[in-house]
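Now for the letters of each chain:
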Amino acid sequence: LDLLFDGTYRFMTPEKQMAKTSCNIGVLHEEDGVLTADCLMRSNSEYEHKQLRRKADRIAKLVGIEHEVKNPSAAWEYDPTSSLVKRLNEIYQEELGYIPEVKMTHGGMEPGVLTGLAASVGKKIEAMNMGVECSGAHTIEEQMNIPSVAETWNWLKVLLRKL
């Protein structure tokens, strides 16, 4: 366990404000004398994601233990030249009079699954993610702003009509 990487492996910027690639040794199980570690590896770079998985595999071989990757999360790489982001910004400007702040996240997002599936068959698709207003994610303080659900739903309908 001491050899496994746990925490931020690489940051997006030198200021270290957001993780780019990370591993979290989240859950340990013991059954019949066998210890299992569930690790959540995430990255905004498919290359770095594969590198981290490869390192874990090498560590397992070096110490003579079994290693298995189950349900790897697909990387969803930020594309600042995305035509979808450009079009969405135009719609925001037309409808609301301003361009929204685009934020990247290190959290696992469903668009990564879709873009990963497309990439696995040689296709490239553009995706975006939007959601309701939340705070305190993954803690006992997690909250969702209920009025933002209707706002998000209405905004999604506008976007789909305009696209």
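Residues numbered from 1 in each chain as written. Predicted model: local features only at pLDDT ≥ 70, side-chain atom pairs only at ≥ 80, totals over all residues. Heavy atoms only, no water.

**Remarks on the overall build of the chain**
Counting its secondary structure elements, the chain contains 4 helices and 5 strands. Along the chain, helices and strands appear, N-terminal first, in the series β-β-β-α-α-α-β-β-α. Taken over C-alpha atoms, the radius of gyration comes to 19 Å for the chain, far larger than the 15 Å a tight globule of 163 residues would show. Expressed as lengths along the three principal axes of its C-alpha atoms, the size of the chain is roughly 60 × 40 × 35 Å. When the 163 residues of the chain are sorted by exposure, 21% land in the buried category. For the chain, the share of sequence-separated contacts (at least 6 apart) that also reach a separation of at least 24 residues comes to 48%. Between the mean site of the 19 positive side-chain charges and the mean site of the 24 negative ones, the chain shows a separation of 9 Å. (Helix = DSSP H or I, 4+ residues; strand = E, 2+ residues; numbered from the N terminus. Rg over C-alpha atoms; globule rule 2.2 N^0.38 Å. Buried < 20%, exposed > 50% of the residue type's maximum accessible area, 1.4 Å probe, protein only. Contact = heavy atoms within 4.5 Å. Lys, Arg positive; Asp, Glu negative; His and termini not counted. Charge placed at Lys NZ, Arg CZ, Asp CG, Glu CD.)

**Side note on the layout of surface pockets**
Its boundaries defined by the atoms lining it, the second largest pocket holds a volume of some 920 Å³. If you go around the second largest pocket, you meet 26 residues; those closest to its centre are T36, A37, E66, H67 and E68. The set of elements that each furnish at least two residues to the lining of the second largest pocket consists of strand 3 (34-43) and helix 1 (46-63). Ranked by the residues each element gives to the lining of the second largest pocket, the list is headed by strand 3, at 8 residues. (1 Å grid on protein atoms, 1.4 Å probe; cavity = no way out; pocket = protein on both sides within 12 Å on 5 of 7 lines; lining within 4 Å. Points joined across faces, edges and corners; volume = space filled by probe spheres on them.)

**Some points on the side chain of T21**
In this fold, T21 is placed in strand 2 (residues 19-31). Taking the relative accessible area as the measure of exposure, T21 reaches 0% and is therefore buried. Each residue touching T21, except ones within four places of it in the same chain, is listed here: G7, T8, Y9, R10, R42, S43, E48, L52 and H106.

**A word on the pairing of strand 2**
In this structure, strand 1 (residues 7-11) lies alongside strand 2, joined through 4 bridges in antiparallel fashion. The residue of strand 2 that forms the bridge with T8 is S22. Across 10 bridges, strand 2 lies against strand 3 in antiparallel orientation. Pairing of T21 across the sheet is with S43, part of strand 3. Following strand 2, the chain reverses through 2 residues before pairing antiparallel with strand 3; D32 in that reversal takes a positive phi of roughly 50 degrees. (Pairing = 2+ DSSP bridges.)

**A look at the packing of aromatic side chains**
Summed over all chains, the structure comprises 3 aromatic pairs. On the basis of an interplanar angle of 55 degrees and a centroid distance of 6.3 Å, the ring pair of Y92 and Y98 is categorised as tilted. Its relative accessible area of 16% is what places Y92 among the buried residues. You can call Y98 partly exposed: its relative accessible area is 45%. Each residue in the set Y92, Y98 and W155 is aromatic and connected to the rest through ring pairs, giving one cluster. (Phe/Tyr/Trp six-rings, centres within 6.5 Å; stacked < 30°, edge-to-face > 60°.)

Function cannot be inferred from these measures alone, as they are strictly geometric.
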